[in-house]
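The primary structure of each chain is shown beneath.
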Amino acid sequence: MREAMFYEKLGDNKVRCHICPRHCIIKEGERGFCWNRENINGTLYAVGYGKICSLAIDPIEKKPLFHFHPGTQVLSLAIGGCNFRCLHCQNWTISQFPPDQIPYREMTPEEVVETTLRYNCPGISYTYTEPTVYYEFMYDTSVLARENGLFNVMITNGYIEKEPLKALPVDAMNIDIKGNADFYKKVCKARLEPVLETCKLAKRLGIWVEITNLIVPGYNDNIDDLLFIIHFVRDELGRETPLHFSRFHPDYKLTDVPPTPIETLEMARKLAIEEGLKYVYIGNVSGHEGENTYCPNCGALLIERYIFEARIINLDLETGRCKVCGEKIDIVL
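As named in an unreviewed UniProt entry, the protein is Radical SAM domain protein, taken from Methanocaldococcus fervens.

Structure follows, in structure tokens:
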């Protein structure tokens, strides 16, 4: 175990965690909402530290990150637990359990970095569950990764406090904006506003940001909800920020909800482009043209994708410009 970061000691051996907006007050012998932080004799410990429940080499497009080192492979890892309770969670078998109550393997940050280097991956992705809940392991690993010339990407629900985010050496984030405030309250057992603040802070910190919205039929698929997300991305994050609309598949506690109609995803993408966003994608629909990257100026096909494979077509990798019209593309190569 490792002592937790970002907490304060209170009276009667209680502690208050400051890693996420829940600010859990944790009594001695108990854990916080995320199951990863336990009060042991008045000291908060990261009890999930190093308990890796999932480890794989993934295309970075799977995260999804389409404008950050496209076509590369990243070492991806997770530790059990989450600070949300989403009814539609598609990784619920690891996210909705404490880290020591699911199968895991012990790894150190040094071992993770060594594995990344051994398999010639240029970076590490903290993903699958919510990385904020295993912040200490992510922090220690990401510091060591950067020292070894690797990049760090965080795939997150955005429920992290400002100071922990500022301290984290992360290069790119895909942040979920799941719906309106009511959706967060009823479906995720969380609040919307801290997520929006995370998005804005990440942009100010110079982190590469992409946004994902999983469209759930009957829950967040109406025009007003879509426009809310589109306008937030456009007005607060910038037209250059990639937005991914992903297809929902029935899972966990929402098995009675049908998959998102492809027409809904196409409508959302068309709407976002009409409202001024430069890069809008359709996810979880293999082979759809909405997976590709097109030049926002001339419409030329820049990157062609199928499932998670990316093929560079008309993107100059030296200059980051469209080979057809010379438009500068918003992308990290």
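Visitor: Explain the overall build of the protein to me, please; I cannot follow it from the model alone.
Guide: Check the secondary structure of the protein and you find eight helices and 20 strands. Computed over C-alpha atoms, the radius of gyration of the protein comes to 20 Å, within 12% of the 20 Å expected from 2.2 N^0.38 for 333 residues, which places it in the range of a compact globule. When the 333 residues of the protein are sorted by exposure, 56% land in the buried category. Taking the intrachain contacts of the protein between residues at least 6 apart in sequence as the baseline, contacts between residues at least 24 apart amount to 64%. In the structure as shown, the protein presents an accessible area of about 13,700 Å², 48% of it carried by carbon and sulfur atoms.

Visitor: Looking at this structure, I do not really get the sheet that holds strand 6 (residues 43-46). What am I missing?
Guide: The strands that make up a sheet pair up through hydrogen bonds in the backbone, lying either parallel or antiparallel. Read across the open sheet, the three strands follow the order 1-6-5; overall the sheet is antiparallel. Where the open sheet ends on each side, the last strands, each with one partner, are strand 1 (2-3) and strand 5 (37-40). As paired elements, strand 1 and strand 6 share two bridges and run antiparallel to each other. Among the inter-strand pairings, Glu-3 is bridged to a residue of strand 6, identified as Tyr-45.

Visitor: Whenever I open this one, a nonpolar patch on the surface confuses me. Can you help?
Guide: On the surface, a nonpolar cluster with roughly 300 Å² of combined accessible area is contributed by Tyr-306, Ile-307 and Phe-308. Mapped onto the elements of the fold, Phe-308 is located in the loop between strand 17 (301-306) and strand 18 (309-312).

Visitor: Looking at this structure, I do not really get the UniProt feature "binding site: [4Fe-4S] cluster" (unreviewed entry) in the protein. What am I missing?
Guide: What UniProt calls "binding site: [4Fe-4S] cluster" (unreviewed entry) maps, in this numbering, to Cys-82, Cys-86 and Cys-89. Lining residues of the largest pocket, restricted to the annotated ones just named, are Cys-82, Cys-86 and Cys-89. With respect to the secondary-structure elements, Cys-82 resides in the loop between strand 8 (73-79) and helix 1 (92-95). The buried category is assigned to Cys-82, whose relative accessible area is 8%. Here Cys-82 is in contact with Phe-33, Cys-34, Trp-35, Ser-95, Gln-96, Glu-130, Val-133 and Asn-157, once residues within four sequence places are set aside.

Cut-offs applied
Residues numbered from 1 in each chain as written. Predicted model: local features only at pLDDT ≥ 70, side-chain atom pairs only at ≥ 80, totals over all residues. Heavy atoms only, no water. Helix = DSSP H or I, 4+ residues; strand = E, 2+ residues; numbered from the N terminus. Rg over C-alpha atoms; globule rule 2.2 N^0.38 Å. Buried < 20%, exposed > 50% of the residue type's maximum accessible area, 1.4 Å probe, protein only. Contact = heavy atoms within 4.5 Å. Areas by Shrake-Rupley, 256 points an atom, 1.4 Å probe, with all protein chains shown as cover. Pairing = 2+ DSSP bridges. Patch = residues over 30% accessible without salt bridge, like charges linked within 9 Å, V, L, I, M, F, W, Y side chains within 5 Å. Salt bridge = Lys/Arg side-chain N within 4 Å of Asp/Glu carboxyl O. UniProt positions renumbered as here; feature names shortened; annotations may be inferred. 1 Å grid on protein atoms, 1.4 Å probe; cavity = no way out; pocket = protein on both sides within 12 Å on 5 of 7 lines; lining within 4 Å.

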